[in-house]
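# Descriptive structure summary
If you want the building blocks of each chain, they are given just below.
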Amino acid sequence: MVLRIATAGSVDDGKSTLIGRLLHDTKTVFEDQLASVEKASLRYGDGSLNLALLTDGLRAEREQGITIDVAYRYFATPERTFVVADTPGHAQYTRNMVTGASVSDVAIVLVDARNGLTEQTRRHLFVASLLGVKQVMLAVNKMDLVDFSQDRYDEIVAAARAHATALPAPVALNPLPISALLGDNVVDSSDNMPWYTGPSLLRQLETLELDDDHSIGARLSVQWVIRPYSTEHHDFRGLAGRLTGGTVAIGDRVRVLPGAQQSTIVSIERGGVPQETAEPGEAISIQLADDIDISRGDVVVTVAAPKPPVVADQIVADVSWMVDKPLEVGTRWIIKHLTRTAKAFVSAIETRHDVSTASQHSTERLELNDLGRVHLNVSVPLVVDLYDDHRPGGAAILVDEATGMTCGALMIRGFDGLES
Amino acid sequence: MTLTDNRLDGLDHDGGLDELEDEAITIIREVTAETRAPVLLFSGGKDSAVLLHLAAKAFRPGNLPFPVMHVDTGHNFDEVIEYRDRLVKEYNVRLVVASVQASIDAGRVVEDTGPRASRNRLQSVTLLDAIAEHQFDAAFGGGRRDEDKARAKERILSFRDRFGQWEPRAQRPEPWNMLNAKIRTGEHLRAFPLSNWTELDIWRYIGREEVPLPSIYFSHRRVVVERNGMLLSVGGPVVAEPGEVPFEETVRYRTVGDASCTGAVRSTAANVHDVITEVAAARITERGATRADDNFSDSAMEDRKREGYF
Ligand SMILES: Nc1nc2c(ncn2[C@@H]2O[C@H](COP(=O)(O)OP(=O)(O)O)[C@@H](O)[C@H]2O)c(=O)[nH]1
Ligand SMILES: [Mg+2]
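Residues numbered from 1 in each chain as written. Chains lettered and ligands numbered in written order. Predicted model: local features only at pLDDT ≥ 70, side-chain atom pairs only at ≥ 80, totals over all residues. Heavy atoms only, no water.

### Points about the domain arrangement of chain A
Frequently, the measure chosen for interface size is the accessible area removed from exposure when the parts meet. Residue and element names in this part refer to chain A. In terms of domains, chain A is made up of domain 1 (2-207), domain 2 (219-302) and domain 3 (310-419). On the domain 3 side, the residues contacting the 21 residues of domain 1 number 16 residues. Contact with domain 3 buries surface across domain 1, with R95, F126 and L130 losing the most and accounting together for 37% of the total. Taken together, the connections running from domain 1 to domain 3 amount to zero salt bridges. At the junction of domain 1 with domain 3, the criterion picks out six residue pairs in polar contact (both at pLDDT 80 or more). Those elements that provide at least two residues to the side of domain 1 that touches domain 3 are α4 (93-102) and α5 (119-130). Counting residues per element, the side of domain 1 that touches domain 3 draws most heavily on α4, at seven residues. Its residues placed into classes, the side of domain 1 that touches domain 3 shows 10 nonpolar, seven polar and four charged. (Domains from an automatic or database assignment. Contact = heavy atoms within 4.5 Å. Buried area = accessible area lost by both parts, 1.4 Å probe. Salt bridge = Lys/Arg side-chain N within 4 Å of Asp/Glu carboxyl O. Polar contact = N/O pair within 3.5 Å; in protein donor to acceptor, adjacent residues only side chain to side chain. Helix = DSSP H or I, 4+ residues; strand = E, 2+ residues; numbered from the N terminus. Nonpolar A, V, L, I, M, F, W, Y, C, P; charged D, E, K, R; others polar.)

Right, dumping it as structure tokens:
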């Protein structure tokens, strides 16, 4: 299995350098890339090899020495394959961190050993917790600039542990001291910090165990109905989508939500090849025994699902707000949830999360980079899960009708309305 | 432990190919459902071959619900055109050809002159004109994030404004990989279902699925000249310059582009398995080795992307 990693930290904490170091020390960097970085190092910097330039690929990034947009990089060791997102820490910092964390199994949170825990670090831990990233690697970086001091390291880790107790959901911190610039404890263990006896960052990432999604029961949100209309497949009517939440097999009884109809699975195909069963994550198409009215946006759920989704048109959700135009009570947005698109009306803003103290404040509006809890009325019933039960069914985005921009990321925490 | 060993190691198992396939098919279905008139950009290269294969699988046993478009620079390898026409029949899809020559004739673009002129840059105009003419609102491309540092910043669903331009600072976030296909008239989307694939994944998939490829991907004898460290095929648009001595060499291509600026590499890899072994051991990225246009300047790809390139 691929391990997806998000990186987080304030500007200049060393995220890009760390990723460059991981790529370099796992021999992922090709000769021409290294040559181009060497050339660019002469132009932007003091001439010593600047590994951050491996991910800072846009011209403006190189000129300003910053990362502007999320970049994805790939590397592999004999143990595992990794995808790492370099998420920049300024202007749209929360948006980038949320985006990176939403698809990650683990977040590397960098702290500059000289500065200690900052407001940004607290924010990153909060976001990881809110987004359900349960494993964090707290990497205390630039240890070379604090004489590799164990006292300094212990102090920072203690502050982080204290903050972690106030987070909305528990997060494992997995702390370690590193120097991204020099490579200490990144891939190879450090000779400079004999007091640290744990494994290097890469070793930990290679062996990190993720708790498997406990099965809540299979569901398939219909993306497309395949109707060939050919003589050979005259009656074929395949419900295409990606299976999540559990396995299905031919013969399983299913319900089609938000309606009340039931039927039985009679065929399963993946890429046109018939199979008896399907696993979560597989892009499949299924056929049902009965000719019931099903279209894009409907959700097929096994009758035996231990924790089925709920049909609701009022939802309570945590939101990460990603644009300049504020989210205000009484405003209307497009909501996209699974394969359904509808309108959503903001009926209330319950609170704005104060990420550095993990406390809450009442507010009338949420601005760029704010995190808060909102109540939405949706124009049609959605088939939802709680985000903590099931990410695909518990996540949604808000889109601005006028500009088409993606404005908010939603994590569903509660619902009301029609029961299933 | 080196990456080369790891990569060779990866030959024995399928290392994530199923997952990549599921993800790509999910993206293709989603974009098709959310847009009015999508099109698949087909260059005849290996990435677009894989893309077409995946698109066909996504809608089986139905037909592909959209056409494929070839942006024809007029500087083609004959083998690639033969291959394109064969595949169109095999997959039973509608082919739209957008011609760079037609853009030149219509005065839409001015061709660089001289023996080293390439039509690669001109493709952007032809592509955007064709998208407007056919009123396509989404174009599937075979771009991968591992190809280039600017591509590494690309979204799965990439928004293009009325001028076809890409603005890296104003990209739509894709939390949970949720795709937002909302656009206004005149704007369009580029969709990259292969975003998370590497070159090696592509080859392993081609091997596993027996995806047909143009013959120039495998070793053959060819008359070339060596220019800026690249081997360019002589005949067609490339003419030997004074001082350059054409010679015959055993080569293959790692990418297929405009024949005037796509270089061959010395290789004896005659089949997919040989190629995988070679790719796994390669120490130079495919673009660095074979694309003269990217070596122009360090941000050549970013510049072309901003102008509306693939
Ligand atoms: N001394 C020292 N400098 C570092 C270390 N890691 C990063 N830096 C430097 O800190 C600066 C910012 O690094 P960069 O990777 O661009 O930070 P980002 O903004 O988090 O991506 C650069 O000048 C790096 O060379 C480290 O471990 N030790
Ligand atoms: Mg950076």
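### A word on the site of ligand 1
All names here are of chain A. Lining the immediate environment of ligand 1, one finds 17 residues, of which D12, G14, K15, T17 and D144 sit closest. Contacts to ligand 1 include K142, whose side-chain N or O atom sits 3.1 Å from an oxygen atom. A180 places a polar main-chain atom, nitrogen or oxygen, 3.0 Å from an oxygen atom of ligand 1. Taken by itself ligand 1 offers 580 Å² of open surface, and the protein chains cover 81% of this. Across the shell around ligand 1, the residue classes break down as five nonpolar, seven polar and five charged. (Near = heavy atom within 4 Å. Areas by Shrake-Rupley, 256 points an atom, 1.4 Å probe, with all protein chains shown as cover.)

### Observations regarding α5 of chain A
Residue and element names in this part refer to chain A. The first and last C-alpha atoms of α5 sit 16 Å apart over 12 residues, in line with the 16 Å expected at 1.5 Å per residue. Summarising burial for α5: 10 of the 12 residues are buried, a large majority. Looking at α5, one finds that the buried residues are Q120, T121, R123, H124, L125, F126, V127, A128, S129 and L130. Phi turns positive, to about 80°, at G132, one or two residues after α5. (Expected span 1.5 Å × (residues − 1). Buried < 20%, exposed > 50% of the residue type's maximum accessible area, 1.4 Å probe, protein only.)

### Remarks on the sheet that holds strand β3 (residues 81-86) of chain A
Residue and element names in this part refer to chain A. Ordered by their spatial adjacency, six strands build an open sheet running β2-β3-β1-β4-β5-β6, and the pairing between neighbours is mixed. The open sheet terminates on both sides in strands that have one partner only, identified here as β2 (71-76) and β6 (176-177). One ladder, built from four bridges, connects strand β1 (residues 2-8) with strand β4 (residues 106-112); its direction is parallel. Across the sheet, the residue bridging to A8 is V109, located in β4. Contacts from helix α6 (residues 150-164) reach β4, β5 (135-141) and β6 within the one sheet, and its direction differs from that of β5 by about 150°. (Pairing = 2+ DSSP bridges. Axes fitted to C-alpha atoms, helices over the stretch in contact; angles between N-to-C directions.)

### Quick look at the packing of helix α3 (residues 46-58) of chain B against helix α7 (residues 199-209) of chain B
Residues and elements named next belong to chain B. Two numbers describe how α3 lies on α7: the axes approach to 10 Å, and their chain directions differ by 55°. One way to sum up the angle between α3 and α7 is to call them oblique. Here α3 and α7 pass one another in a crossing that is left-handed. Between α3, through K46, D47, V50, H53, L54 and K57, and α7, the contact on the second element is made entirely by E199, I202, W203, Y205, I206 and E209. Grouping the constituent residues of the contact of α3 with α7 by class yields six nonpolar, one polar and five charged. (Parallel < 35°, antiparallel > 145°, perpendicular 65-115°, else oblique. Left-handed = near helix turned anticlockwise from the far one by under 90°.)

### Focus: the sheet that holds strand β3 (residues 95-99) of chain B
Strands in a sheet are paired, the pairing made by backbone hydrogen bonds, and the direction either parallel or antiparallel. Residues and elements named next belong to chain B. An order of β3-β2-β1-β4-β6-β5 is seen for the six strands of this open sheet, with the pairing classed as mixed. Single-partner strands in this sheet number two, and they are β3 and β5 (157-160). Taking each pair of neighbouring strands and ignoring which way they run, the sheet shows an average axis angle of 30°. Bridge count for strand β1 (residues 38-41) against strand β4 (residues 138-140) is three bridges, and the pairing is parallel. Across the sheet, residue P38 finds its bridge partner in β4, namely A138. Packed onto the sheet, helix α4 (residues 78-91) meets β2 (68-72) and β3 and runs at close to 150° relative to β3. Each of β1, β2, β3, β4 and β6 (188-191) touches helix α6 (residues 123-133); the most contacted strand, β2, lies at about 145° to it.

### Some thoughts on unusual backbone geometry
Geometrically, the link from L257 of chain A to P258 of chain A is a cis peptide bond, its omega value of 10° lying close to zero. As for its position among the elements, P258 of chain A is in the loop between β11 (253-257) and β12 (261-270). Cis rather than trans, the peptide bond between R60 of chain B and P61 of chain B has omega equal to 0°. Relative to the assigned elements, P61 of chain B resides in the loop between α3 and β2.

### Digging into the confidence of the model for chain B
Residue and element names in this part refer to chain B. Averaged over all residues, the pLDDT of chain B equals 83, while 83% of them reach at least 70. Of all the helices and strands in chain B, helix α1 (residues 3-9) carries the lowest mean pLDDT, 36, while β1 carries the highest, 98. Contacts from residues 1-13, a stretch scored under 50 in pLDDT, to residues over four places away or in other chains number 25 contacts. Throughout residues 294-298 the model reports pLDDT below 50, and contacts reaching past four residues in sequence, or to other chains, amount to 10 contacts. Among the prediction metrics, the complex's ipTM stands at 0.88, with pTM recorded as 0.87. (pLDDT = per-residue confidence, 0-100.)

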